[in-house]
Amino acid sequence: MKLLKPAWVHHNGKPIFSVDIHPDGTKFATGGQGEDSGKVVIWNMPPVVREEDEKNEAIPKMLCQMDNHLACVNCVRWSNNGLYLASGGDDKLIMLWKRAAYIGPSNVFGSSSKLANVEQWRCVSILRSHTGDVMDLAWSPHDAWLSSCSIDNTVVIWNALKFPEIIATLRGHSGLVKGLTWDPVGKYIASQADDRSLKVWRTMDWQLETNITKPFDECAGTTHVLRLSWSPDGHYLVSAHAMNNSGPTAQIIERDGWKTNMDFVGHRKAVTVVKFNPKIFKKKPRNGSSNKPSCPYCCCAVGSKDRSLSVWLTCLKRPLVVIHELFDKSIMDISWTLTGLGLLVCSMDGTVAFLDFSQEELGDPLTEEEKNMIHQKTYGKSLAITTEQQLSTTIIENPEMLKYQQQQKELQEQKNALGSRELMAPKVANMLNGESLEDIRKNLLKKQIETRTADGRRRITPFCIAQLDTGSAVTNTPTAAPTSTQLLTSPSRIEPMKALDSRFTERSKATPGTAPISAAARQGDLDRNKEQGLSKDLKPREIQESSSDSEEKIPASKISSLSKRKNDTEGEVVEKKKKGRPRKEAKQTPVTIATQAVPSSEKEVSRVSAPLIVFKLPTPTPKKAFNIQVSTEPAMYIEVENEVPTVTGWKLSRLKCMREGKEWDTLLTSRILTAAGSCDLVSVACEERTVSVFSASGRRLLPAILLQSPISTLHCASHFVMALMATATLSVWDAKKQTVLVKDESLITILSGNDTTITQSLLTHHGVPVVTLSNGKSYCFNTSLCTWNLISDKQDSLVQCADYRSCLTSQEAMLCSGPLATVQGCGINAGRQAARLSSMPHFLQRGTTLAYLENQVAAAMTLKSSQEYRHWLLIYTRYLVNEGFEPRLRELCKDLLGPVHHSSSSQWESTVLGLRKRELLKEILPVIGQNLRFQRLFTEYQDQLDLLRDK
């Protein structure tokens with residue numbers, strides 16, 4: 001092993017917080033503090049490795065310096081393909097760098113003429129989401145995702161194929177998140193934070209897989225970074241900054257059961273960074289020894305605040321090498337070369353060190369075939385044959401599923417080759433193989449026929465461009481129409497667009513908010529069904545199959561109100577060409593609005609009924625298997641496996657539930673689309689449009705519930721089940737009493753805006769359904785009044801202007817939690833902005849605060865959240881006392897006290913949301929007694945309470 005410390009790699013004496021070697025090994029990047037900004041520098045690797053290259057002045061040492069970050073850079077990471085460099089810093093930004101075309105050396109901005117950039121790297125994208133310093137970055141295998149973590153306690157998953165799109169934001173840490181690592185195939189991502197926990201998240205649904213805290217319970221203080229690492233074989237996850245018997249360690253977490261029985265020990269201070277060698281090794285056979293194959297092992301480097309570095313092999317009990325006093329300050333980052341023999345380390349003292357190992361010291365690296373065999377045993381598939389196209393939000397782990405995907409791809413290629421012989425086939429194939437709609441329209445517009453009249457004016461013959469995203473044919477001439485129609489309606493051609501269909505809204509130009517009329521063939525089928533008296537008996541699925549557009553779903557109960565019109569073409573698709581401009585592209589939104597009330601001609605206007613609006617929400621796609629975590633305390637998980645083969649040839653679906661070491665399972669005949677659970681029950685929705693409910697021990701509580709339309713979202717809370725269906729209708733059942741609380745309630749009332757979409761839905765523990773929309777408004781359904789109630793509005797001016805901070809006296813009130821807090825977010829901080837509104841008249845601010853607090857009390861009441869009702873009632877009372885609102889105080893006290901003498905005509909209830917009203921009055925009276933203005937009011941109700949107590 002050789003140890004080198006190139007003195008020319010520095011940030012002018014400033015700290016270097018991160019280092020990363022390019023995948024091809026020719027260069028490396030450092031990130032840290034600049035003079036008055038963050039600094040990213042790309043260095044040449046040969047001068048570090050070879051002495052002759054270092055002395056050769058013709059070989060540049062620094063390749064490029066970028067000072068675009070506004071504050072210190074904490075992390076730099078190359079993508080696996082080497083095309084991009086990602087950097088994140090204290091300016092809350094993530095910058096993506098890509099090498100530009102060579103235009104000759106250029107001086108670094110603000111530096112002397114001697115400092116020149118040999119390579120040109122430009123920032124191609126800036127990612128903004130974090131509200132705090134970005135601490136660590138990690139590219140997933142095959143660069144499908146980029147993850148980032150921050151001191152804002154979150155982890156953000158970015159779509160690396162469509163920057164700056166965010167796939168998910170992982171919330172769960174209660175402290176600063178300072179480290180990230182992916183497992184070798186991207187099934188899991190692990191994060192470590194200052195809250196003394198390490199969390200593992202599933203990439204299948206971005207939910208928490210496990211939360212590990214025990215090894216970090218003794219940790220006192222913190223470190224600048226917590227860079228953890230996953231072994232290349234996937235078996236081990238090693239954390240930074242753990243403790244064992246009051247000694248600092250790097251905790252080894254086994255993938256099998258997430259056990260924490262081993263650790264790397266020996267460092268005198270906290271471990272800051274752990275980095276696994278990308279290679280898997282095997283021992284070199286010695287001369288004269290047997291050729292018996294050895295077990296593969298991994299190599300891991302550990303850096304610490306004690307300024308020392310240790311390198312471990314998992315086949316040895318002691319470290320391979322330990323280097324003390326390597327730097328003057330703490331080690332900040334470690335990077336291995338892709339060959340596995342070189343190691344770069346950086347420190348807060350602003351220097352780097354390079355370790356050069358030999359194969360005799362580390363061992364023989366496994367070949368890619370041997371490495372893939374290990375992955376196949378661990379994950380059920382080979383890492384090498386996973387392609388970017390197969391990496392979506394779910395990872396294909398089953399070899400049979402992977403084989404099926406490859407067969408489908410080959411079949412698609414054969415059909416493309418066959419279709420290319422047709423005249424219009426190449427154009428249509430391009431439309432459905434990833435070409436943007438805008439490019440297609442530009443290409444089609446080039447073919448429009450242009451002529452000039454005698455007076456020199458241009459005349460352009462209109463060219464019909466159909467709605468490409470709705471399956472309409474692109475027609476040019478009557479002879480080409482049948483060909484293109486046939487290709488576009490073929491299931492294999494439409495397949496790439498299906499995932500997007502549920503997110504499109506079709507609207508005509510003349511009437512905003514309504515869709516263009518559907519094909520005549522669909523209407524003809526519906527009319528014939530009505531004439532035969534079958535429309536009432538048809539299920540939504542049968543109607544969907546009989547229509548020409550299979551993505552639009554219409555409840556059977558509403559078909560009778562559809563307008564009738566004659567179908568002169570008997571199922572033939574006919575589209576009238578309109579003069580003027582082509583139709584605009586459809587607008588994307590997660591809710592589809594379909595209407596069927598446009599007359600076929602002006603003569604039939606009087607026969608058309610009012611438009612029938614059918615909202616369409618996205619539905620879950622069938623999966624081979626999936627699992628969800630219901631709760632952490634107690635630990636409860638649900639696992640689903642579809643298409644389980646049986647001896648008879650039938651395929652069943654298996655539902656398995658694990659809770660605190662106990663488990664049960666059951667079988668269903670239909671594929672399970674989604675599942676939900678609580679501590680009291682488990683519920684699943686199947687492909688047959690049924691919902692099944694089971695008790696906590698697996699006993700079926702009631703027969704399967706048949707839904708009117710396919711499921712969109714399923715929720716469970718306590719003993720309540722909520723189903724949100726594709727047609728934007730909602731139902732809630734009480735499984736304990738076997739009664740219905742909400743029956744097929746339509747969301748049309750709250751989804752009135754054309755661009756409004758559903759962003760969140762939840763069910764409270766008292767069976768109250770809550771829906772949050774994209775416009776910032778949240779509604780709950782009031783079962784007593786049978787109406788939707790507005791409980792939160794992010795754009796509400798009352799929230800911005802209300803100032804009630806003086807009424808928050810107890811620490812207990814500050815920590816209030818419940819469904820209202822979940823919907824509103826940090827509503828407790830409302831009023832901070834009001835402190836800056838000094839020019840606002842006091843009477844106006846007093847009125848807005850009073851209205852806001854009364855809204856909060858009423859919302860908590862509607863949500864049946866007793867804890868939040870009590871919380872806001874006390875704040876409301878303090879505000880009434882502070883501002884001197886005696887009539888409202890008296891009315892409140894009167895309601896809480898109730899009648900002193902009982903009578904049959906009394907409508908007074910002694911409790912509210914399970915809280916005794918007179919006990920609430922006892923809490924309120926001391927607050928009233930603090931203001932001398934209300935002495936009489938206080939004495940009056942205190943005496944009546946004493947009188948009732950004596951009785």
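Residues numbered from 1 in each chain as written. Predicted model: local features only at pLDDT ≥ 70, side-chain atom pairs only at ≥ 80, totals over all residues. Heavy atoms only, no water.

(A) The pattern of salt bridges, seen in detail. The tally for this structure, following the rule as stated, stands at 25 salt bridges. One connected set of salt bridges, linked through shared partners, spans Arg-77, Asp-136, Arg-227 and Asp-333. (Salt bridge = Lys/Arg side-chain N within 4 Å of Asp/Glu carboxyl O.)

(B) Structural view of the confidence of the model for the protein. Here the protein averages 76 in pLDDT, while 69% of its residues score no lower than 70. In this model residues 109–114 is a low-confidence stretch, pLDDT under 50, and it forms two contacts with partners more than four residues away in sequence or in other chains. Ignoring residues within four places in sequence, the model shows residues 420–438, a span with pLDDT below 50, making 28 contacts including any to other chains. (pLDDT = per-residue confidence, 0-100. Contact = heavy atoms within 4.5 Å.)

(C) The arrangement of the sheet that holds strand β54 (residues 777–782) in detail. If you walk across this open sheet you meet the four strands as β52-β53-β54-β55, and the pairing is antiparallel. The sheet terminates laterally at β52 (758–763) and β55 (787–793), the two strands that pair on one side only. Taking each pair of neighbouring strands and ignoring which way they run, the sheet shows an average axis angle of 25 degrees. Judged from the five bridges that link them, β52 and strand β53 (residues 769–773) form a sheet pairing that is antiparallel. Looking across to β53, one finds that Gln-760 is bridged to Thr-772. (Pairing = 2+ DSSP bridges. Helix = DSSP H or I, 4+ residues; strand = E, 2+ residues; numbered from the N terminus. Axes fitted to C-alpha atoms, helices over the stretch in contact; angles between N-to-C directions.)

(D) Geometry of the packing of aromatic side chains. Counted according to the given criterion, the structure contains 14 aromatic pairs. Aromatic side chains Tyr-188 and Trp-258 sit 5.4 Å apart centroid to centroid with 80 degrees between the ring planes, which places their arrangement in the edge-to-face category. Linking Tyr-188 in strand β17 (residues 188–193) with Trp-258 in the loop between β23 (247–254) and β24 (262–265), this pair joins segments that are 70 residues apart in sequence. Owing to a relative accessible area of 7%, Tyr-188 belongs among the buried residues under this scheme. Joined through ring pairs, the aromatic side chains of Trp-145, Trp-182 and Trp-206 make up one cluster. (Phe/Tyr/Trp six-rings, centres within 6.5 Å; stacked < 30°, edge-to-face > 60°. Buried < 20%, exposed > 50% of the residue type's maximum accessible area, 1.4 Å probe, protein only.)

(E) Representation of the pairing of strand β18 (residues 197–202) within the structure. Among the six residues that make up β18, six are buried, leaving the element largely enclosed by the rest of the structure. Every second residue of β18 is oriented toward a common face, with Ser-197, Lys-199 and Trp-201 on one face and Leu-198, Val-200 and Arg-202 on the other, all of them buried. Sheet topology places β17 next to β18; six bridges connect them, and they run antiparallel. Within β18, the residue paired with Ser-191 across the bridge is Lys-199. In sequence, β17 turns back onto β18 through a hairpin of three residues, with Arg-196 there showing a positive phi of about 60 degrees. Of the strand pairs in this sheet, β18 and strand β19 (residues 208–212) are connected by four bridges, and their pairing is antiparallel. In the strand pairing of β19, Val-200 is matched with Thr-210.

(F) How the structure looks around the side chain of Ser-18. Relative to the assigned elements, Ser-18 resides in strand β2 (residues 16–21). Within polar-contact distance, the side chain of Ser-18 engages the side chain of Arg-77 at 3.2 Å. Excluding its chain neighbours within four sequence positions, the residues that come into contact with Ser-18 are Ala-29, Thr-30, Gly-31, Asn-74, Cys-75, Val-76, Arg-77, Arg-227, Asp-333 and Cys-346. (Polar contact = N/O pair within 3.5 Å; in protein donor to acceptor, adjacent residues only side chain to side chain.)

(G) Broad picture of unusual backbone geometry. A cis amide bond, omega 5 degrees, links Phe-163 with the succeeding residue Pro-164. Checked against the element boundaries, Pro-164 lands in the loop between β14 (154–159) and β15 (166–171). Positive phi outside glycine occurs at Glu-660, with the angle close to 50 degrees. Its place among the elements puts Glu-660 in the loop between β42 (651–659) and β43 (662–668).

(H) Highlighting the sheet that holds strand β32 (residues 352–356). Judged by pairing direction, the sheet is antiparallel, and its four strands sit side by side in the order β1-β32-β31-β30 without closing on themselves. The outermost strands of the open sheet, each flanked by one partner alone, are β1 (2–4) and β30 (331–336). Direction aside, the axes of adjacent strands within the sheet are offset by 20 degrees on average. Note: β1 against β32, three bridges, orientation antiparallel.

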